[in-house]
Amino acid sequence: MRDAVRKLWPELEWIHSHELRDQVTRTWIKALQLSPLTADDLDHIPFTLLVPNCPISFMEHKRCVVHIAQKAAESMCEFMGRALPIDMDVVIAGAILADVGKLLEYEMVDGKVRQSKRGELLRHPFTGVAIAMECGVPDAICHIIASHAAEGDLVKRNTEAYIVHHADFMAYLPFKNLAK
Ligand SMILES: [Fe+2]
């Protein structure tokens, strides 16, 4: 399972802290163990159920969000770093984990993905935090998982959480136009 997660997420190597990289990897392993989906499914299922016939896969979207977040954080560090400290490990780990709870929100029926009963009751920000905390992921990163989606609009996001939230939404909202 560890190899499957490494294959899904080459970006794990960007996390400098070995301890944090291991916590993030173990969170993904745990989610795959609990999920009705396989690692292979993630390359094929749509990244959202909110866009009909969504043309982008879960992994394409998730990896894109990590790349956007990393580049955005680097630019912010370059120009504003003296006034705005940003922890790159927290940004990368938070972006890699933001949607890990979707593995418990979705289920496969007749080859198609849909929201499960559990997913209706507990959207992925909630289940994502539950799995991550169990794997020892620090609070600053659980904060990103908890606040990355619309639920997080009620939370006072920290800098790293703002970066991941906006990276996620800029790679999601344009697809809503395609659906019109
Ligand atoms: Fe999400």
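Here, the structure is the one placed above.
The structure presented is a predicted model; accordingly, all values stated were derived computationally and were not measured.

Visitor: I would appreciate a short explanation of the packing of aromatic side chains in the present structure.
Guide: Both the distance between ring centres and the angle between the ring planes are used here to describe each pair of aromatic rings. Scanning the model with the defined rule gives four aromatic pairs in all. Consider the rings of F47 and Y172, whose centres lie 6.4 Å apart with planes at 90°: the pair is edge-to-face. A residue pair is termed long-range when its members are at least 10 positions apart, and F47 in the loop between α2 (18-34) and α3 (58-80) and Y172 in the loop between α9 (159-170) and α10 (173-178) qualify at 125 residues. Judged by relative accessible area, Y172 falls into the buried class, the value being 12%. Ring geometry for F47 against F175: centres 5.5 Å apart, planes inclined by 70°, an arrangement best described as edge-to-face. Separated by 128 residues along the polypeptide, F47 in the loop between α2 and α3 and F175 in helix α10 bring together distant segments of the chain. A residue is classified by how much of its surface remains accessible, and F175, at 19% relative accessible area, is buried.

Visitor: How should the side chain of S35 be read in this particular structure?
Guide: One can find S35 in the loop between α2 and α3. Relative accessible area serves as the criterion here: at 11%, S35 is assigned to the buried category. A polar contact of 2.6 Å, which involves the side chain of S35, links it to the backbone oxygen of L103. Ignoring any residue separated from it by four or fewer positions in sequence, one finds S35 in contact with L103 and L104.

Visitor: Can you walk me through the coordination of the iron ion in this structure?
Guide: Bound to the iron ion are the protein donor atoms D99 (OD), H124 (NE2) and H148 (NE2), situated 2.0 to 2.2 Å from the metal. Counting gaps between the donor residues of the iron ion yields the pattern D-x24-H-x23-H. Of the two residues, H124 sits in helix α7 (residues 124-134) while H148 sits in the loop between α8 (139-147) and α9, which places them 24 residues apart along the sequence.

Visitor: What should I look at first to understand the pattern of salt bridges in this one?
Guide: In this structure the tally under the stated criterion is 13 salt bridges. Three or more residues joined by partner-sharing salt bridges are found here, namely K62, D99, K102 and D168.

Visitor: Would you mind going over the side chain of K62 with me for this structure?
Guide: With respect to the element layout, K62 can be found in helix α3. Apart from the residues lying within four places of it in its own chain, the contact partners of K62 are W9, D99 and D168.

Visitor: Hey, could you run me through the layout of surface pockets in this one?
Guide: Empty pockets left among the atoms are what a rolling probe the size of a water molecule brings to light. Roughly 320 Å³ of volume is contained in the largest pocket. As for the largest pocket, its lining consists of 19 residues, of which T48, L50, K102, R123 and H124 are closest to the centre. Mapped by element, the contributors of at least two residues to the lining of the largest pocket are α3, α5 (102-105) and α9. Broken down by class, the residue content of the lining of the largest pocket amounts to eight nonpolar, five polar and six charged. In this structure, the second largest pocket occupies an estimated 220 Å³ of space.

Rules behind the numbers
- Residues numbered from 1 in each chain as written.
- Predicted model: local features only at pLDDT ≥ 70, side-chain atom pairs only at ≥ 80, totals over all residues.
- Heavy atoms only, no water.
- Phe/Tyr/Trp six-rings, centres within 6.5 Å; stacked < 30°, edge-to-face > 60°.
- Helix = DSSP H or I, 4+ residues; strand = E, 2+ residues; numbered from the N terminus.
- Buried < 20%, exposed > 50% of the residue type's maximum accessible area, 1.4 Å probe, protein only.
- Polar contact = N/O pair within 3.5 Å; in protein donor to acceptor, adjacent residues only side chain to side chain.
- Contact = heavy atoms within 4.5 Å.
- Donors = N, O, S within 2.8 Å, 3.2 Å for Na, K, Ca; no water.
- Salt bridge = Lys/Arg side-chain N within 4 Å of Asp/Glu carboxyl O.
- 1 Å grid on protein atoms, 1.4 Å probe; cavity = no way out; pocket = protein on both sides within 12 Å on 5 of 7 lines; lining within 4 Å.
- Points joined across faces, edges and corners; volume = space filled by probe spheres on them.
- Nonpolar A, V, L, I, M, F, W, Y, C, P; charged D, E, K, R; others polar.

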